[in-house]
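One-letter residues, chain by chain:
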Amino acid sequence: MARHGWVSVGRRWRLGALLGGLAAALALLVSLVGGLPGGLPGTSAAPRGTAKPYVGWGFTHTQFSADEGAPAATARVRGLLKADGGMAQDQAIMGWGADNPEPSPGHYDFAALDRRIAFVRASGGTPVITLCCAPDWMKGGKSGANHTDWSRSALETAPAPAHYQDFADLAATVARRYPDVKHFLVWNEFKGFWDEAAGRWDYEGYTDLYNRVYRALKKTGEDVMVGGPYLPMDSVAPTDPDASRQVRGDWGAVDQRVLDAFSYWNAHKTGADFTVVDGASYPNGGSPRPDEFTATEKLTAVSAWVRRQTHDLPLWWAEYYVEPGDGDAGWSEPHRVAVQATGMIALVRGGADAGFYWNPEKRTGTGCPGCLWTPTDRAGGGRPLPMYDLLSRFAAAFPPGVRHRTVPVDPATASDLRVLASDRTVLVVNTRDHAISTRVDGDRLTLRPYEVKWLDR
């Protein structure tokens, strides 16, 4: 989707990535143990504790992240994350910073993925892997690393049905290579599964792929956990012919074709340890309705609907967006953080157990709206930005299973605020562009425009 900020992976970048990871790869070889089909070595990291079907709040590594850059900057981010508990961190197996994992049948290249997973481990995070995308030879392209087509259209092509099992086998190979990774997301946003002729999602095809991957992963270990369908919960205007009659509000209506796809997967899946969706608070190509804060109520409505359909299976949001243009709405950073905080509150209220923030870093430069830290291309980089403070605090204060409390709020300002509380913490968001004096949980507060405030209880 456009809001992913996709940048094609050119050969120059891929070569630089491989060279940049050479030292890490050589160090890794020293500690490799075990073996995989075709003589592929495994990794030495041991599983940590008993896996649960949720991981809390974290972020997704995209094309550029803190696994590469100036040593001082990358070390700064690793230390920052480790000090704050690591957070859950998601990485795709191909694209978004990872090279083609199986350029030709039975021949693997995990150097870039090894580097990313090593970073997650070093920063104390919980590693999560998204099983997307597929090598070219599985989708009609040429075999061989030199023939990888990194265009967006090629990357987002689904495997051909004849290669669904090949992709499942690749997924199992990945799971055996990283024994400490216990959570796997199957595919990404139904990429390549849109049936243009029928005008709907090819949910039969996706579910076939999902079930094969699910079975293959379960054979690698009893505690491996698998989730899907990672559908984009797109919304449309309430008057649109495809608007759902069930899931709607002031923010619009979910596209019924998405709900149909979810319902088919839910009814025909072999199994699932958790459910995965993604989406934005605003409609595709449109603006938030009726405003950016009220629009986040969509995230609550969708979450609640999904939980009902799956009988309360743990719910993950692999991606969530509240700002049109992925940072290009012209908002100030306080405004951006306030809307993001409101969106996260909305997810929790709907019953979400995990959420991943997209776009943690740009490669170079100083301007980086919504980024978690400054670019690591220079020694002074890797410093936390306001979105990092929000995400890390939210992850610590509202982990899965925490009990949420209702706290008293001044009725005169209640509609201007968004509040989320636990036994120990209260998060208060001012949704207005002016200062507000109010009382929350017995405390008298003066909030700056769009201020996000944390209170101890």
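This text gives an overview of the structure that appears in the document. Just so it is clear, the model here is predicted, and its values are computed rather than measured. (Residues numbered from 1 in each chain as written. Predicted model: local features only at pLDDT ≥ 70, side-chain atom pairs only at ≥ 80, totals over all residues. Heavy atoms only, no water.)

Structural notes on the pairing of strand S12 (residues 315-321)
In step 1: Within S12, 7 of the 7 residues are buried, which leaves the element mostly enclosed by the surrounding structure.
In step 2: Here 6 bridges tie strand S11 (residues 274-280) to S12, and the two strands are oriented parallel to one another. Each bridged residue has a counterpart across the sheet, and for Val276 the counterpart in S12 is Trp316.
In step 3: With helix H9 (residues 297-309) bridging S11 and its parallel neighbour S12, the resulting β-α-β unit is right-handed.
In step 4: With 2 bridges joining them, S12 and strand S13 (residues 354-358) adopt parallel strand pairing. (Buried < 20%, exposed > 50% of the residue type's maximum accessible area, 1.4 Å probe, protein only. Helix = DSSP H or I, 4+ residues; strand = E, 2+ residues; numbered from the N terminus. Pairing = 2+ DSSP bridges. Right-handed = clockwise from strand over helix to strand, strands pointing away.)

A few points about the state of the cysteines
In step 1: Counting across every chain of the model gives 2 disulfides.
In step 2: Covalently, Cys132 is tied to Cys133 through a disulfide, its sulfur atoms 2.4 Å apart. Classification of the bridge connecting Cys132 and Cys133 rests on its S-S torsion, roughly 60 degrees, and on that basis the disulfide is right-handed.
In step 3: Overall, the relative accessible area of 0% leaves Cys132 in the buried class.
In step 4: Across the disulfide, Cys368 is cross-linked to Cys371 (sulfur-sulfur distance 1.6 Å). Given an S-S torsion of about -50 degrees, the disulfide between Cys368 and Cys371 has left-handed geometry.
In step 5: Disulfide partners in the chain, listed by the sequence order of the bonded cysteines, are 1-2, 3-4. (Disulfide = S-S within 2.5 Å.)

Observations concerning unusual backbone geometry
In step 1: Put simply, Gly228 and Pro229 share a cis peptide bond, and its omega is 0 degrees.
In step 2: Of note, the phi angle at Trp187 is positive, near 70 degrees, even though the residue is not glycine.
In step 3: Note that Trp187 resides in the loop between strand S4 (183-186) and strand S5 (194-195).

A look at the nonpolar core
Where a protein is soluble and globular, its nonpolar side chains tend to be buried together.
In step 1: The biggest cluster of nonpolar side chains holds 104 residues, and the ones touching the most others in it are Trp187 and Phe394.
In step 2: For this core, the leading source of residues is helix H10 (residues 333-350), giving 9 residues.
In step 3: When near neighbours in sequence (up to four residues on either side) are disregarded, Phe394 contacts Trp57, Met344, Ile345, Val348, Leu420, Leu427 and Trp454.
In step 4: Core analysis: the second largest hydrophobic core is formed by 13 residues, Val55, Ala88, Phe274 and Trp316 among them. (Core = buried A, V, L, I, M, F, W, Y, C linked by side-chain atoms within 4.5 Å. Contact = heavy atoms within 4.5 Å.)

A word on H10
In step 1: The end-to-end C-alpha separation of H10 is 26 Å, in line with the 26 Å expected for 18 residues at 1.5 Å each.
In step 2: For H10, a buried count of 15 out of 18 residues is recorded, marking the element as mostly surrounded by other parts of the structure.
In step 3: Phi turns positive one or two residues past the end of H10, at Gly351, with a value near 105 degrees. (Expected span 1.5 Å × (residues − 1).)

A short note on the packing of aromatic side chains
In step 1: Under the definition given, this model contains 26 aromatic pairs.
In step 2: Where Phe193 meets Tyr206, the ring centres are 5.8 Å apart and the plane angle is 90 degrees; that geometry is what we call edge-to-face. Placement of Phe193 in the loop between S4 and S5 and of Tyr206 in helix H7 (residues 203-218) is noted, with a sequence separation of 13 residues between them.
In step 3: Assessed through its relative accessible area of 0%, Tyr206 is described here as buried.
In step 4: Here a set of aromatic residues connected by ring pairs shows up, and it is made of Phe167, Trp187, Phe190, Phe193, Trp194, Trp201, Tyr206, Tyr210, Tyr214, Phe262, Trp265 and Trp305. (Phe/Tyr/Trp six-rings, centres within 6.5 Å; stacked < 30°, edge-to-face > 60°.)

Scope: geometric values only; no functional claims are made or implied.
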